[in-house]
Amino acid sequence: MEECSGLVHTHENTRASLDPIMPREEHARTLASTHDVPEEAPDFKIGLTSVGISGKTVWVGLPQGRLPFDAKIETNLPAGYRGIHMSRIEEAISSINDKPFDDICSYSKDLARMVLARQNGNLVIVRLRGKIPIKRETMVSRHTSMDTAEIETLTETTMQGGGLKFKTMAGVTASHMTACPCTQVYNHDLFKIKGGALPLMTHSQRSLTRLLVERSADNIPSYDDLLKCLESALHVTQDLLKRPDEAEIVIKAHLRPQFAEDAVRQTAKEVGIRLGDMLPGSTDVTIESTSLESIHIHDVCCCLKTTLREIIDAF
């Protein structure tokens, strides 16, 4: 049996579907004589903010391995053109398929540059979201837990005066636990127990908090920097937990209960502490938290869109 990595199909000669019905010369002749429909003028000449593809899986060679990312790739469309060249987006993806990258933001910028060169617009937006492995040690048992973090990037590339201008946002989403402080305070009053050694019962739930920070030209902050902000602010969960580890995370979550609002604000505070000296005050910051409620049918969501300067001014 021939060896195959499983990542790239190499046995193209076995695919009967690759044999064209029409001779290739006829296709070449037709291409040379027909007009390009996307280059036509539209019936109603108004420019479009964005056109592109979504739900596309791209495979990126990173230091952690060759990993899949969900991609949304868009470009603006000037008023004089009927459509974008959709296949040229796929060509851009294929052109950098085998190139290694230090991180996903570098891939995003390279892809945006390639797409912009193939389209009629002057703006390309690349959104990528995927998962990377994280190796963590549990608090008490000191076991190794192989966990997962979701990372993302949003790159806006514009053509200005013959050059390119990039704005890149790097993001990490962490899974964590929240315990409701409202029910806990009520239970304290209900049972007339205050200042006890252990916190009283309250409902708890799994939560997801997303931190997205604009990157500087020096690729700062790193994804590790963002993850540290989240881990310092939240009761981050793990896949492998022995009973002592479970006890610790539950106790800590109940000793410091959090609303979704608290999760967002505490994350913002850690961003100010850890990134305040790294980045300019104008740096855009977005923090979103979703609490997957345990006793409600609905979930709870909270969002902060701000700048680093506004966070620092709140101290």
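Up top you'll find the structure we're talking about.
Computed from a predicted structure; not experimentally measured.

A.B. asks: A description of the overall build of the chain should follow, citing residues and the corresponding values.
C.D. replies: Each helix and strand in the chain was counted, giving eight helices and nine strands. Its C-alpha atoms give the chain a radius of gyration of 25 Å, more than 25% over the compact-globule value 20 Å for 315 residues. Referenced to the eigenvectors of the C-alpha coordinate spread, the extents of the chain come out at roughly 85 × 55 × 40 Å. Among the 315 residues that make up the chain, the fraction classed as buried is 39%. The contacts of the chain with a sequence gap of at least 6 include a subset with a gap of at least 24, amounting to 67%. When the accessible surface of the chain is split by element, carbon and sulfur atoms take 53% of a total near 18400 Å². Counting 36 positive and 43 negative side-chain charges, the chain places the averaged centre of each group 3 Å from the other.

A.B. asks: So what about unusual backbone geometry? Which residues, and what values?
C.D. replies: Residue Ile-220 is joined to Pro-221 through a cis peptide bond whose omega torsion reads 5 degrees. Here Pro-221 shows up in the loop between strand E6 (204-214) and helix H5 (223-233). For Asn-219, which is not glycine, the phi torsion reads 60 degrees and is therefore positive. Inspection of the secondary structure puts Asn-219 in the loop between E6 and H5. Among the residues examined, Asn-219 registers a relative accessible area of 35% and is labelled partly exposed.

A.B. asks: Give me the lowdown on the pattern of salt bridges, citing residues and values where you can.
C.D. replies: In this structure the tally under the stated criterion is 17 salt bridges. Asp-110 is paired through a salt bridge with Lys-99; the nearest N and O atoms lie 2.7 Å apart. Placement of Asp-110 in helix H3 (residues 104-117) and of Lys-99 in the loop between helix H2 (86-95) and H3 is noted, with a sequence separation of 11 residues between them. The closest approach of N and O atoms between Asp-284 and Lys-167, which form a salt bridge, is 2.6 Å. Here the residue Asp-284 occupies a position in strand E8 (residues 284-292), and Lys-167 occupies one in strand E5 (residues 163-179), the gap between them amounting to 117 residues. For Asp-284, a relative accessible area of 24% corresponds to the partly exposed category.

A.B. asks: Outline the packing of aromatic side chains, listing residues and values.
C.D. replies: Evaluated as defined, the whole model comprises one aromatic pair. Note on Phe-101 and Tyr-107: the rings are 5.2 Å apart at their centroids and 85 degrees apart in plane angle, and the pair reads as edge-to-face. Each member of the pair Phe-101 and Tyr-107 is classed as buried. When the ring centre of Phe-166 is taken as origin, the NZ or CZ atom of Lys-109, which lies over that ring, is 5.0 Å away.

A.B. asks: Just give me the short version of helix H6 (residues 243-255), but keep the residues and values in it.
C.D. replies: The terminal C-alpha atoms of H6 lie 18 Å apart, and with 13 residues this matches the ideal 18 Å at 1.5 Å per residue to within 8%. When H6 is considered as a whole, its buried residues turn out to be Asp-245, Ile-249, Ala-253 and His-254. Looking straight down H6, one finds that the buried residues subtend no more than 160 degrees of arc, so they occupy a single side. Exposed and oriented more than 90 degrees from the buried face of H6 are Arg-243 and Leu-255.

A.B. asks: Outline the side chain of Thr-155, supporting the account with residue identities and numerical values.
C.D. replies: Note on placement: Thr-155 falls in strand E4 (residues 144-160). Reaching out from Thr-155, the side chain makes a polar contact with the side chain of Ser-108 at a distance of 2.7 Å. Leaving out residues up to four positions away in the same chain, Thr-155 has contacts with Ser-108, Lys-109, Ala-112, Val-124, Ile-125, Val-126, Phe-166, Lys-167 and Thr-168.

A.B. asks: Report on the packing of H2 against H3, specifying residues and quantitative values.
C.D. replies: Contact pair H2 / H3: the axes reach a minimum separation of 9 Å and the direction vectors enclose 135 degrees. In terms of their interaxial angle, H2 and H3 are classed as oblique. Seen along the crossing, H2 lies across H3 with a hand that is right-handed. Where H2 abuts H3, its residues Ile-89, Ala-92, Ile-93 and Ser-95 lie against Tyr-107, Leu-111, Met-114 and Val-115.

A.B. asks: Give me the side chain of Gln-205: which residues, what numbers.
C.D. replies: As for its position among the elements, Gln-205 is in strand E6. At 3.3 Å, the side chain of Gln-205 forms a polar contact with the side chain of Ser-294. When near neighbours in sequence (up to four residues on either side) are disregarded, Gln-205 contacts His-176, Met-177, Thr-178, Cys-180, Ser-291, Leu-292, Glu-293 and Ser-294.

A.B. asks: Outline the nonpolar core, supporting the account with residue identities and numerical values.
C.D. replies: Phe-69, Ile-73, Tyr-107, Leu-111 and Leu-211 are the most contacted members of the largest nonpolar core, which totals 54 residues. Ranked by the residues each element gives to this core, the list is headed by H3, at seven residues. Other than its neighbours up to four places away in sequence, Phe-69 contacts Lys-56, Thr-57, Val-58, Val-60, Leu-62, Ile-104, Leu-128, Arg-129, Gly-130 and Ile-151.

What counts, and at which threshold
- Residues numbered from 1 in each chain as written.
- Predicted model: local features only at pLDDT ≥ 70, side-chain atom pairs only at ≥ 80, totals over all residues.
- Heavy atoms only, no water.
- Helix = DSSP H or I, 4+ residues; strand = E, 2+ residues; numbered from the N terminus.
- Rg over C-alpha atoms; globule rule 2.2 N^0.38 Å.
- Buried < 20%, exposed > 50% of the residue type's maximum accessible area, 1.4 Å probe, protein only.
- Contact = heavy atoms within 4.5 Å.
- Areas by Shrake-Rupley, 256 points an atom, 1.4 Å probe, with all protein chains shown as cover.
- Lys, Arg positive; Asp, Glu negative; His and termini not counted.
- Charge placed at Lys NZ, Arg CZ, Asp CG, Glu CD.
- Salt bridge = Lys/Arg side-chain N within 4 Å of Asp/Glu carboxyl O.
- Phe/Tyr/Trp six-rings, centres within 6.5 Å; stacked < 30°, edge-to-face > 60°.
- Lys NZ or Arg CZ within 6 Å of the ring centre and 35° of its normal.
- Expected span 1.5 Å × (residues − 1).
- Arc of directions from axis to C-beta.
- Polar contact = N/O pair within 3.5 Å; in protein donor to acceptor, adjacent residues only side chain to side chain.
- Axes fitted to C-alpha atoms, helices over the stretch in contact; angles between N-to-C directions.
- Parallel < 35°, antiparallel > 145°, perpendicular 65-115°, else oblique.
- Left-handed = near helix turned anticlockwise from the far one by under 90°.
- Core = buried A, V, L, I, M, F, W, Y, C linked by side-chain atoms within 4.5 Å.

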